[in-house]
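Summary of structural features
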Amino acid sequence: MNNMMERLETIARRYEELNEILMDPSIANDVQKMTEASKEQASLENAYQLYQEYKKVLDGIEEAKELMKENDPEIKEMAELELSELEEKKPQIEEKLHLELIPKDPNDNKNVIVEIRGAAGGDEGNIFAGDLYRMYVKYAESQGWKIEVLEAQDSEAGGYSLISFMIKGEGVYSKLKFESGSHRVQRVPKTETQGRVHTSTATVLVMPEAEEVDFELNPSDLRIDTYRASGAGGQHINKTDSAVRITHIPTGVVTTSQDGRSQHDNRDKAMRAMRTKLYEMKLREQEEAIGSERRSKIGTGDRSEKIRTYNYPQNRVTDHRIGLTIQQLDRIMEGKLDDIIEALMNEDQRLKLLGEEQ
């Protein structure tokens with residue numbers, strides 16, 4: 001308990017210090033410093049407010065105990081009632097504080113860039129990639145998030161060989177970060193004449209959007225090409241060289257965008273995607289360097305890791321990491337992902353709690 005109070009005191013001091021920094025008029029000229037301070041304060045907000053509430057409860061308990069020493073029976077009775085209420089409230093706040101002090105993923109509140117690729121199964125893998133994209137769009141809509149397509153490579157049979165898109169909103173990464181991996185589908189493809197069930201896969205990669213303060217790009221490391229967009233798109237498709245391809249020369253990472261309204265828009269989207277991909281690489285390198293390999297998280301987030309099976313004949317979805325099976329595949333493909341995502345988040349929190357106790 002003493003350790004918890006010390007940590008809370010440190011948080012409170014830092015929160016108030018950040019308050020003073022943000023109130024200093026000179027910070028208005030330093031956008032990066034102001035952004036960093038605002039984000040840090042926002043990350044401490046819940047713990048700070050809970051701590052203030054906790055201190056009031058502790059003070060209230062002491063006051064009630066003092067009042068119980070009074071001779072007046074009415075005051076004594078009121079003090080007993082007050083003490084009883086506060087003693088009940090105290091462990092509830094302590095539990096919330098304990099959870100609040102578990103180290104958080106600093107990327108949880110970020111927007112994300114998602115890449116879905118058709119993998120094993122040829123056309124059927126691409127069709128399934130399109131089904132997954134639609135599922136995430138529906139889920140994003142239910143959360144009030146916005147979706148922006150960065151790149152789409154249509155498949156002749158339907159779906160996509162690749163679709164890359166950004167999802168913007170509150171706490172997007174915290175809810176979608178466990179979607180990275182290989183998603184397996186078992187169903188009878190439209191092209192199958194004998195009614196046999198085939199197994200195909202599509203891979204999903206969810207990356208936290210990197211901002212300029214997270215990852216600084218050296219312009220001399222980039223090669224930027226423009227080309228004529230192809231496929232479905234806006235009114236300028238096939239008329240102007242509006243599509244943009246950016247290559248990061250040191251790593252060979254390539255990002256493209258052709259669905260924007262202009263070359264400038266596509267360049268901006270491709271640059272955001274580039275920054276995000278390089279940031280993701282940097283995060284993975286850091287994790288490997290400390291040898292944790294996301295110990296506190298579910299799975300490695302690796303594209304090759306099989307995480308979930310979607311079985312159409314049995315209307316069943318199974319998440320292999322937590323052993324969760326839901327017999328409502330039809331609902332899930334309509335974006336009703338709350339049960340799966342909540343179960344994954346709860347398991348992640350349980351693992352983090354175990355890590356804290358060890």
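Below you will find a few notes about this structure. Everything numeric in this text was worked out from a predicted model, so none of it was measured.

Thresholds, definitions, all that
Residues numbered from 1 in each chain as written. Predicted model: local features only at pLDDT ≥ 70, side-chain atom pairs only at ≥ 80, totals over all residues. Heavy atoms only, no water. Pairing = 2+ DSSP bridges. Helix = DSSP H or I, 4+ residues; strand = E, 2+ residues; numbered from the N terminus. Axes fitted to C-alpha atoms, helices over the stretch in contact; angles between N-to-C directions. Expected span 1.5 Å × (residues − 1). Buried < 20%, exposed > 50% of the residue type's maximum accessible area, 1.4 Å probe, protein only. Polar contact = N/O pair within 3.5 Å; in protein donor to acceptor, adjacent residues only side chain to side chain. Salt bridge = Lys/Arg side-chain N within 4 Å of Asp/Glu carboxyl O. Phe/Tyr/Trp six-rings, centres within 6.5 Å; stacked < 30°, edge-to-face > 60°. Lys NZ or Arg CZ within 6 Å of the ring centre and 35° of its normal.

If you walk across this open sheet you meet the three strands as β6-β7-β8, and the pairing is antiparallel. Looking along the sheet, the strands with just one partner apiece sit at the ends: β6 (222-227) and β8 (253-257). With strand direction ignored, the average angle separating the axes of adjacent strands in the sheet is 15°. Direction of pairing for β6 relative to strand β7 (residues 243-248): antiparallel, over a ladder of six bridges. If you follow L222 over to β7, its bridge partner there is H248.

So, on to helix α3 (residues 73-100). Taking 1.5 Å as the rise per residue, α3 with 28 residues should run 40 Å; its terminal C-alpha atoms sit 40 Å apart, in good agreement. All of the buried residues in α3 are A79, L83, L86, I93, E94, L97 and E100. The N-cap residue of α3 is D72: its side-chain oxygen and the backbone nitrogen of E74 are 2.9 Å apart.

With that out of the way, let us pick up the pattern of salt bridges. Per the counting criterion, the structure on display carries 20 salt bridges. The closest approach of N and O atoms between E124 and R187, which form a salt bridge, is 2.4 Å. One end of the pair, E124, is in helix α4 (residues 123-143); the other, R187, is in strand β4 (residues 181-187), with 63 residues separating them in the sequence. Note on accessibility: E124 and R187 belong to one class, buried. The shortest N-O distance in the salt bridge between E334 and K138 comes to 3.8 Å. Residue E334 is found in the loop between α7 (329-332) and α8 (338-357), and its partner K138 is found in helix α4; the two are separated by 196 residues along the sequence. According to the relative accessible area criterion, E334 is partly exposed, its value standing at 33%. A residue is classified by how much of its surface remains accessible, and K138, at 32% relative accessible area, is partly exposed. Residues joined by salt bridges that share partners form a network here, namely E148, K168, D268 and R272.

As a further point, take the packing of aromatic side chains. By the definition in use, this model includes five aromatic pairs. Ring centres of F128 and Y310 lie 5.3 Å apart, and the angle between their planes is 70°; this geometry places the pair in the edge-to-face category. Here the residue F128 occupies a position in helix α4, and Y310 occupies one in strand β9 (residues 306-311), the gap between them amounting to 182 residues. The exposure class of Y310 is buried, given its relative accessible area of 0%. Through pairs of rings, three or more aromatic residues link up here, namely Y133, Y160 and F165. In this structure, R187 is placed above the aromatic ring of Y312, and the distance from its NZ or CZ to the ring centre is 4.8 Å. Lying over the aromatic face of Y227, R245 brings its terminal NZ or CZ to 4.5 Å of the ring centre.

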